[in-house]
Amino acid sequence: MSEAAGHEASKDMLALVHENLNVWGFPHEAVNLGFGAVNLKTLIMTWIVMALIIIFTVAATRNMQLKRPGKLQLMVEEMFQFLRGLAYENLDPKKGASLMCLIFSIFIFLLFSNLWGLIPTMMSPTADVNTTLGMALFVFILVQVLGLYYRKGGYFKHFFEPFVFFLPITLIEELSKPLTLAFRLYGNIYAGEVLIAVLLGLIPLTATIFGGFLASVIWLSFSIFVSCIQAFIFTMLTIAYISQVTAEHH
Amino acid sequence: MDAIVQVLNLNSTLVAQVFNFIMLLIFLRVVVYPHIVRMLENRQEFIANNVAAAEEDRKQAETLRQQYLDELQMAKNEAQSIIQKAGKAAEEQAHEIIEAAKAESNRIKESALQDINREKEKAVAELRDQVATLSILVASKVVNEKMSVDIQRGMIDEFIKEAGDLPC
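Predicted, not measured: the structure shown is a model, and the values here were computed from it.

Remarks on the overall build of chain B
Scanning chain B from terminus to terminus reveals 3 helices and 0 strands. Its helices and strands taken in sequence order, chain B reads α-α-α from the N to the C terminus. A compact globule built from 168 residues would reach a C-alpha radius of gyration of about 15 Å, whereas chain B, at 64 Å, exceeds it by more than 25%. When the backbone C-alpha atoms are referred to their principal axes, chain B occupies close to 200 × 25 × 20 Å. Burial status across chain B gives 7% buried among its 168 residues.

Quick word on the overall build of chain A
Helix and strand counts for chain A come out as 8 helices and 2 strands. The helix and strand sequence of chain A, counted from the amino end, reads α-β-β-α-α-α-α-α-α-α. Dimensions along the principal axes, computed over C-alpha positions, put chain A at roughly 65 × 60 × 40 Å. Out of the 250 residues in chain A, the part that is buried amounts to 30%. In chain A, of all internal contacts separated by at least 6 residues, the share reaching a separation of at least 24 is 68%.

Describing the interface of chain B and chain A
With 27 residues of chain B in contact, the opposing surface of chain A contributes 33 residues. Counting residues per element, the side of chain B that touches chain A draws most heavily on helix H2 (residues 13–143) of chain B, at 22 residues. Tallied by class, residues from the side of chain B that touches chain A come to 17 nonpolar, 8 polar and 2 charged.

Examining H2 of chain B
Under the 1.5 Å per step criterion, the end-to-end length of H2 of chain B is 186 Å for 131 residues, consistent within 8% with the ideal 195 Å. Of all the bends in H2 of chain B, the largest measures some 50° and sits at Val-32 of chain B, one to four residues before the proline Pro-34 of chain B. In terms of residue burial, H2 of chain B counts as a barely covered element, since only 11 of its 131 residues are buried. On its buried face, H2 of chain B sits against strand E2 (37–38), helix H2 (40–61), helix H3 (71–90), helix H4 (93–116) and helix H5 (129–151) of chain A.

Comments concerning the nonpolar core
Judged by nonpolar contacts, the single largest core of 50 residues is most densely connected at Ile-103, Phe-104, Phe-107, Phe-109 and Val-139 of chain A. Elements with a minimum of two residues in this core: H2, H3, H4, H5, helix H7 (167–202) and helix H8 (205–246) of chain A together with H2 of chain B. Tallying contributions element by element places H4 of chain A first for this core, with 13 residues. In this view, Val-139 of chain A contacts Pro-178, Leu-181, Thr-238 and Tyr-241 of chain A; residues no more than four positions away in its chain are not counted.

Re the environment of Met-79 of chain A
Residues and elements named next belong to chain A. With respect to the helices, strands and loops of the structure, Met-79 is situated in helix H3. Overall, Met-79 belongs to the partly exposed group, with 16 C-beta atoms counted inside 10 Å. Considered as a pair, Met-79 and Met-236 are 157 residues apart in the sequence and their alpha carbons are 13 Å apart.

Observations regarding the environment of Leu-14 of chain B
Residues and elements named next belong to chain B. Relative to the helices and strands, Leu-14 is located in helix H2. Assessed through the 26 C-beta atoms surrounding it within 10 Å, Leu-14 is described here as buried. For Leu-14 and Lys-102, which are 88 residues apart along the polypeptide, the C-alpha to C-alpha distance reads 125 Å.

Concerning H7 of chain A
Residues and elements named next belong to chain A. Look at H7: 50 Å from first C-alpha to last across 36 residues, which is about the 52 Å you get at 1.5 Å a residue. The sharpest bend along H7 comes to roughly 30°, located at Ser-176, with the proline Pro-178 sitting one to four residues further on. In the core, the buried residues of H7 are packed alongside H4, H5 and H8.

Description of the packing of H4 of chain A against H2 of chain B
Packed helices, taken two at a time, are described by the angle their axes make and the gap between the axes. Packing of H4 of chain A against H2 of chain B leaves a shortest axis separation of 10 Å and a crossing angle of 120°. Helix-helix and strand crossings are classified by hand; for H4 of chain A and H2 of chain B the assignment is right-handed. The segment H4 of chain A lies against H2 of chain B, with Cys-101, Leu-102, Ser-105 and Phe-109 of chain A engaging Phe-21, Leu-24, Leu-25, Leu-28, Arg-29 and Tyr-33 of chain B. The residue makeup of the contact of H4 of chain A with H2 of chain B, split by class, is 8 nonpolar, 1 polar and 1 charged.

Thoughts on unusual backbone geometry
All names here are of chain A. The backbone of Asn-63 shows a phi angle near 55°, a positive value even though the residue is not glycine. Mapping Asn-63 onto the fold places it in the loop between H2 and H3. Asn-63 gets classed as exposed once you count the C-beta atoms within 10 Å, which come to 9.

A short note on the packing of H2 of chain B against helix H3 (residues 149–165) of chain B
All names here are of chain B. Between H2 and H3, the shortest axis-to-axis distance is 10 Å and the interhelical angle comes to 135°. The angle between H2 and H3 falls in the class oblique. As for the relative orientation of H2 and H3, their crossing is right-handed in sense. On H3, the residues that touch Arg-128, Val-131, Ala-132, Ser-135, Ile-136, Ala-139 and Ser-140 of H2 are Gln-152, Ile-156, Phe-159, Ile-160 and Gly-164. For the contact of H2 with H3, a count of residues per class yields 7 nonpolar, 4 polar and 1 charged.

Parameters at a glance
- Residues numbered from 1 in each chain as written.
- Chains lettered and ligands numbered in written order.
- Predicted model: local features only at pLDDT ≥ 70, side-chain atom pairs only at ≥ 80, totals over all residues.
- Helix = DSSP H or I, 4+ residues; strand = E, 2+ residues; numbered from the N terminus.
- Rg over C-alpha atoms; globule rule 2.2 N^0.38 Å.
- Buried ≥ 20, exposed ≤ 12 C-beta atoms within 10 Å, placed from the backbone.
- Contact = placed C-beta atoms within 7 Å.
- Nonpolar A, V, L, I, M, F, W, Y, C, P; charged D, E, K, R; others polar.
- Expected span 1.5 Å × (residues − 1).
- Bend = angle between axes of the 7 residues up to and from the residue.
- Core = buried A, V, L, I, M, F, W, Y, C linked by C-beta atoms within 7 Å.
- Axes fitted to C-alpha atoms, helices over the stretch in contact; angles between N-to-C directions.
- Left-handed = near helix turned anticlockwise from the far one by under 90°.
- Parallel < 35°, antiparallel > 145°, perpendicular 65-115°, else oblique.

Okay, structure coming up:
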């Protein structure tokens with residue numbers, strides 16, 4: 001009973017912190033914009049992140065230099081080459097080249113989304129399960145389509161291997177992929193944001209001034225790491241799933 | 001199903017987010033991606049060209065080095081042959097000089113011998129003359145007037161002939 005009460009109290013406190021942090025006045029409930037109920041905050045944060053990505057990539061790829069690349073250009077190029085290395089290692093270079101744009105987009109979108117939530121009063125689009133599940137379903141459908149495209153009818157064969165009665169297990173395995181993708185990302189990023197809010201709520205202002213900010217600083221730096229890692233894991237798993245379904249079995 | 005949707009707070013945001021992502025994907029594909037790929041390709045090509053050029057340069061340098069080495073070897077050989085020729089010539093010349101010197105010394109010796117002989121003969125003739133004169137003087141003193149000058153002369157000549165046959 002007391003546990004439930006404590007849970008309730010912490011929830012109240014968290015709600016209070018969220019309320020205090022909500023300086024932009026986003027509605028807490030989903031609003032209907034004409035095509036169904038949407039979380040306005042998530043959408044607006046996504047648009048901001050998209051705008052940032054567009055500014056970043058366009059600034060980086062404008063006036064590209066062959067011999068003396070600028071800092072932004074170098075960042076984008078390094079990121080791209082890192083992802084291309086992963087893709088070419090796991091897929092063959094021909095398939096990898098055709099999917100590079102997608103892989104690059106997924107990575108940069110998730111990276112910016114994850115990092116955006118670390119800025120006070122902002123929220124990661126990926127801290128909403130709608131975003132992560134949407135991305136995961138997108139990847140899931142893409143994987144099925146690519147499997148059909150590259151292996152034609154032979155694609156369905158892998159559901160019945162090694163025996164026909166493995167079908168339920170393979171189906172569950174197949175369906176668990178988007179779910180794990182979605183909830184892994186969502187859990188990590190949402191937990192990070194919750195803990196940021198909790199640290200703000202738990203430590204009173206006076207304590208914060210006299211060293212209490214250290215906990216937040218440490219957690220924020222760890223969150224930066226987690227953000228990069230989660231973006232990488234999502235991208236890497238996407239590559240792995242695609243390589244699984246497009247690899248030719250002999 | 002509805003319960004799951006309720007618990008997870010799923011709504012149309014999901015569709016909107018997929019749509020947003022696809023929009024971003026299209027934008028990056030159209031605006032950003034070609035630049036990056038082209039730049040990387042250009043750089044790869046640039047590096048490949050540089051490597052090829054460096055390889056070419058290296059080959060050229062190797063050829064030049066070989067050429068220079070050959071030329072150096074040729075020059076060395078030539079120098080060697082020149083030195084050999086010069087040595088031979090010097091030897092020949094030395095030989096000639098020695099020969100000439102030998103001939104000269106022989107000639108000088110010959111002429112000296114001739115001089116000596118000539119002097120000797122001259123001295124002998126002079127001595128003969130003086131002996132004759134002295135003998136005549138002595139004989140004339142000794143014989144006085146008993147013998148004519150002609151007889152004396154014959155006797156003296158005979159004596160001198162005998163004396164001349166003696167080795168002196």
